[in-house]
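Listed here are the chains, written in short residue letters.
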Amino acid sequence: MARPRRSGDTRQLLVEEGAAGFLASGYHGTGIKQVLDKVGVPKGSFYNYFDSKESFGQAVIEHHSACVQRNLSVAFAAAPDPVSGLRAFFGRLMDEFVEADFTGGCLIANLGGELEGSELLRESLSSAWRAWRDRVADQLRDAQRQGMIRDDIDATDLADLLLESWEGAVIRMKIDRTLEPLHKCLNRLLDDYFRP
């Protein structure tokens with residue numbers, strides 16, 4: 001029997017609902033039936049769109065990565081300089097954390113702590129992290145050329161430090177329910193350690 005025709009819109013809705021579920025409840029805490037019910041798709045239809053929950057997880061991670069890349073592009077394009085672009089991007093994330101009442105955090109970090117057993121998902125998370133890190137590194141490299149950021153440390157190393165520190169600050173934000181750790185992270189790095 002031929003498979004029903006796939007709807008790109010339905011697949012996208014499943015991915016978006018999966019991202020929301022994974023952020024709220026984790027990969028293991030989000031059931032496929034729960035996602036299908038929220039989107040209004042019959043249970044048997046899941047395999048018309050994805051081979052397995054693991055391939056569904058991969059699609060969710062890729063979707064999240066694309067959203068991060070889009071948000072980076074928007075923040076960087078509208079900024080007067082590279083450091084302002086970074087601040088705009090992280091500021092938007094902070095606004096989203098406040099809107100979510102300090103819950104959720106970062107999908108990449110959340111899943112990274114949960115998905116140690118899946119090589120496919122580990123590779124997807126690693127790729128998403130590198131894409132994020134590389135865009136931030138490019139922005140820092142531009143700031144180095146403009147004399148805004150120290151140039152005695154490679155921009156990629158600075159980007160790793162910034163994002164790794166940010167992720168730790170996000171955990172503290174969730175615990176204390178305040179943006180203060182995030183502000184400290186950005187101020188200590190962008191306004192202090194990263195300065196020339």
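Residues numbered from 1 in each chain as written. Predicted model: local features only at pLDDT ≥ 70, side-chain atom pairs only at ≥ 80, totals over all residues. Heavy atoms only, no water.

An unreviewed UniProt entry annotates the protein chain as TetR/AcrR family transcriptional regulator originating from Nocardia iowensis.

A. Summary view of the environment of A131. Mapped onto the elements of the fold, A131 is located in helix α7 (residues 119-145). Its relative accessible area of 26% is what places A131 among the partly exposed residues. Considered as a pair, A131 and E54 are 77 residues apart in the sequence and their alpha carbons are 21 Å apart. (Helix = DSSP H or I, 4+ residues; strand = E, 2+ residues; numbered from the N terminus. Buried < 20%, exposed > 50% of the residue type's maximum accessible area, 1.4 Å probe, protein only.)

B. How the structure looks around the pattern of salt bridges. In this structure the tally under the stated criterion is 11 salt bridges. The residue R92 makes a salt bridge to E96 at a minimum N-O spacing of 3.5 Å. Of this pair, R92 and E96 both sit in helix α5 (residues 82-99), separated by 4 residues, roughly a single helical turn. Among the residues examined, R92 registers a relative accessible area of 38% and is labelled partly exposed. (Salt bridge = Lys/Arg side-chain N within 4 Å of Asp/Glu carboxyl O.)

C. Summary view of the UniProt feature "DNA-binding region" (unreviewed entry) in the protein chain. As annotated in UniProt, the feature "DNA-binding region" (unreviewed entry) corresponds to residues 31-50 in the numbering used here. For residues 31-50, helix accounts for 60% and strand for 0%, while the C-alpha atoms at its two ends are 14 Å apart. (UniProt positions renumbered as here; feature names shortened; annotations may be inferred.)

D. Representation of helix α8 (residues 155-176). Given a rise of 1.5 Å per residue, 22 residues ought to cover 32 Å, and the 31 Å separating the end C-alpha atoms of α8 matches this to within 8%. Every buried residue of α8 is listed here: A155, L158, A159, D160, L162, L163, W166, E167, A169, V170 and M173. Here the buried face of α8 lies against α5, α6 (107-112), α7 and α9 (180-193). Where α8 begins, one side-chain oxygen reaches toward the backbone nitrogen of T156, 2.9 Å away; that side chain belongs to D154. (Expected span 1.5 Å × (residues − 1). Contact = heavy atoms within 4.5 Å. Polar contact = N/O pair within 3.5 Å; in protein donor to acceptor, adjacent residues only side chain to side chain.)

E. Looking closely at helix α2 (residues 32-39). When we look at burial in α2, the residues that qualify are I32, V35 and L36. Relative to the axis of α2, the buried residues are bounded by an arc of 95 degrees and lie together on one face. Phi turns positive one or two residues past the end of α2, at G40, with a value near 80 degrees. (Arc of directions from axis to C-beta.)

F. Geometry of the side chain of H63. By secondary structure assignment, the location of H63 is in helix α4 (residues 53-78). A polar contact of 3.2 Å, which involves the side chain of H63, links it to the side chain of Q12.

G. Main features of the state of the cysteines. Under the criterion given, the structure shown has 0 disulfides. The structure places no disulfide on C67, whose sulfur is separated from the nearest cysteine sulfur, that of C106, by 12 Å. Its sulfur unpaired, C185 is 13 Å from the next cysteine sulfur, which belongs to C106. The class for C185 is buried, based on a relative accessible area of 9%. (Disulfide = S-S within 2.5 Å.)

H. View of the packing of aromatic side chains. This model, assessed by the stated rule, comprises 12 aromatic pairs. With centroids separated by 5.8 Å and ring planes inclined at 75 degrees, the aromatic side chains of F22 and F56 adopt a geometry described as edge-to-face. Of this pair, F22 sits in helix α1 (residues 8-25) while F56 sits in helix α4, placing them 34 residues apart in sequence. Look at F22 and you get buried, because its relative accessible area is 1%. The exposure class assigned to F56 is buried, which follows from its relative accessible area of 1%. Geometrically, the ring pair formed by F46 and F50 is tilted, given 5.4 Å between the ring centres and 35 degrees between the ring planes. A relative accessible area of 3% means that F46 is categorised as buried. It is K53 that lies over the ring of Y27; its NZ or CZ is 4.5 Å from the centre. Taking the ring centre of Y193 as reference, the NZ or CZ of R150 above it sits at 4.7 Å. (Phe/Tyr/Trp six-rings, centres within 6.5 Å; stacked < 30°, edge-to-face > 60°. Lys NZ or Arg CZ within 6 Å of the ring centre and 35° of its normal.)

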